[in-house]
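Single-letter residue listing:
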Amino acid sequence: MMHPIDIADNIARVRDDISRFAHGRHVDLMLAAKHQPLERLAEAYNAGGTLMGHNLIDQLATSTEGLHNAGFFPITSVIGHVQSNKLSVAMQWADRIDTVDSLKTAQRINRRQEARLACGEVTGLYPILLQINSSGASTQFGCSPDSFVELARAISALPSIHIAGVMTIGAQGTDTDIRSSFVLTRRLAEEMRNLPGLADADVLSMGMSSDMRIAIEEGSTVVRVGTAIFGARPAQQA
Ligand SMILES: *Cc1c(COP(=O)(O)O)cnc(C)c1O
């Protein structure tokens, strides 16, 4: 099938933008894969887009399996909210869950990882990011900024998961609103790294197609980009 979107061109252009905004600092590019058919993800992978983020757990499972069968092995994160009955499938297919925002969810991931360790299915700790609701919008998931550091402290005590850093979806609104949500997130991430054992939790996942410049200026280490690479999504509900 022909389509007017050249994924390889778009990836190259987004990478150029990233390096311009980052002034020599390294910032990773994660493809926001939601609603993209397997063939497009394979095309992106071939163009060097090997870091993928999924919102929808069913799609995470089917497309990651499809990519594996085709000989492609992306590094995959969950970037959408995970219902507790889908955590186990999410952990089976994703290398990291980037949206943990409660102790209950972290405890479930920890218990599941202990079960996987006990039967020899995996080794090591399961990596997660903690999601902060930096916009204050009640429609967004994420831990509230006020309780974030205490949540991070509690989760860091769980033995079979590893906090690798922080993720946020910034505010919508003026550039000033957006920037303050990213500044808030960066400051909370810095505070978190002062907790025992978290000095290396330095992933800061923030920025999407429309606000990645501001996110990178405020210290993002990974941007999650969908529209600027794949074009407008067929369905915009996620
Ligand atoms: C869809 C999505 C993105 C990418 O958004 P675009 O505007 O298409 O770049 C990033 N992060 C999350 C959590 C998303 O759901």
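Located above this text is the structure these notes cover.
What counts and how
Residues numbered from 1 in each chain as written. Predicted model: local features only at pLDDT ≥ 70, side-chain atom pairs only at ≥ 80, totals over all residues. Heavy atoms only, no water. Helix = DSSP H or I, 4+ residues; strand = E, 2+ residues; numbered from the N terminus. Rg over C-alpha atoms; globule rule 2.2 N^0.38 Å. Buried < 20%, exposed > 50% of the residue type's maximum accessible area, 1.4 Å probe, protein only. Contact = heavy atoms within 4.5 Å. Areas by Shrake-Rupley, 256 points an atom, 1.4 Å probe, with all protein chains shown as cover. Lys, Arg positive; Asp, Glu negative; His and termini not counted. Charge placed at Lys NZ, Arg CZ, Asp CG, Glu CD. Near = heavy atom within 4 Å. Polar contact = N/O pair within 3.5 Å; in protein donor to acceptor, adjacent residues only side chain to side chain. Nonpolar A, V, L, I, M, F, W, Y, C, P; charged D, E, K, R; others polar. Axes fitted to C-alpha atoms, helices over the stretch in contact; angles between N-to-C directions. Parallel < 35°, antiparallel > 145°, perpendicular 65-115°, else oblique. Left-handed = near helix turned anticlockwise from the far one by under 90°. Pairing = 2+ DSSP bridges. Right-handed = clockwise from strand over helix to strand, strands pointing away.

1. Some details on the overall build of the chain
A count of helices and strands for the chain gives nine helices and eight strands. The C-alpha radius of gyration computed for the chain amounts to 17 Å, which stays within 12% of the reference 18 Å derived for 238 residues, consistent with globular compactness. In terms of overall dimensions, the chain has C-alpha extents of about 50 × 45 × 35 Å along its principal axes. Relative to its full complement of 238 residues, the chain shows a buried share of 50%. Within the chain, residue pairs in contact and separated by at least 24 positions form 63% of the contacts whose partners lie at least 6 positions apart. A total of about 11,100 Å² of accessible surface is found on the chain, and carbon and sulfur atoms cover 51% of it. Separation between the mean location of the 21 positive side-chain charges and that of the 25 negative ones in the chain comes to 3 Å.

2. Some words on the site of the ligand
Surrounding the ligand, one finds 13 residues, the nearest of these being K34, N55, S209, T227 and R233. Take N55: an N or O atom from its side chain is 2.8 Å from an oxygen atom of the ligand. At 2.9 Å from an oxygen atom of the ligand is found a main-chain nitrogen or oxygen belonging to G226. About the coverage of the ligand: the protein hides 91% of its 380 Å² of free accessible area. When its residues are assigned to classes, the shell around the ligand shows six nonpolar, four polar and three charged.

3. A few points about the packing of helix α2 (residues 38-46) against helix α3 (residues 57-69)
Working note: a packed helix pair is described by the angle between its axes plus the distance between those axes. In the contact formed by α2 and α3, the axes pass within 10 Å of each other and the chain directions differ by 55°. Between α2 and α3, the interaxial angle falls into the category oblique. For the element pair α2 and α3, the recorded crossing hand is right-handed. Residues L38, L41 and A42 of α2 touch α3, and the partners they reach there are S63, G66 and L67. Counted by class, the contact of α2 with α3 contains four nonpolar, two polar and no charged residues.

4. Things to note about the pairing of strand β1 (residues 28-32)
In terms of burial, β1 is largely enclosed, as four of its five residues are buried. In this sheet, strand β8 (residues 222-225) lies alongside β1 in parallel orientation, the contact comprising four bridges. From the neighbouring strand, D28 faces β8, where its bridge partner is V222. In the sheet, β1 pairs with strand β2 (residues 51-54) via two bridges, with the strands oriented parallel. Along β2, the bridge assignment pairs L31 with M52. Traced from β1 through α2 to β2, the parallel crossover comes out right-handed.

5. What to know about the packing of helix α6 (residues 148-156) against helix α7 (residues 175-193)
Running from N to C, α6 and α7 point in directions that differ by 40°, and their axes come no closer than 10 Å. Taken together, the axes of α6 and α7 lie oblique to each other. You can see that α6 and α7 cross each other, and the crossing is right-handed. On α7, the residues that touch F148, V149 and A152 of α6 are L188, E191 and M192.

The values are spatial; any link to function lies outside them.
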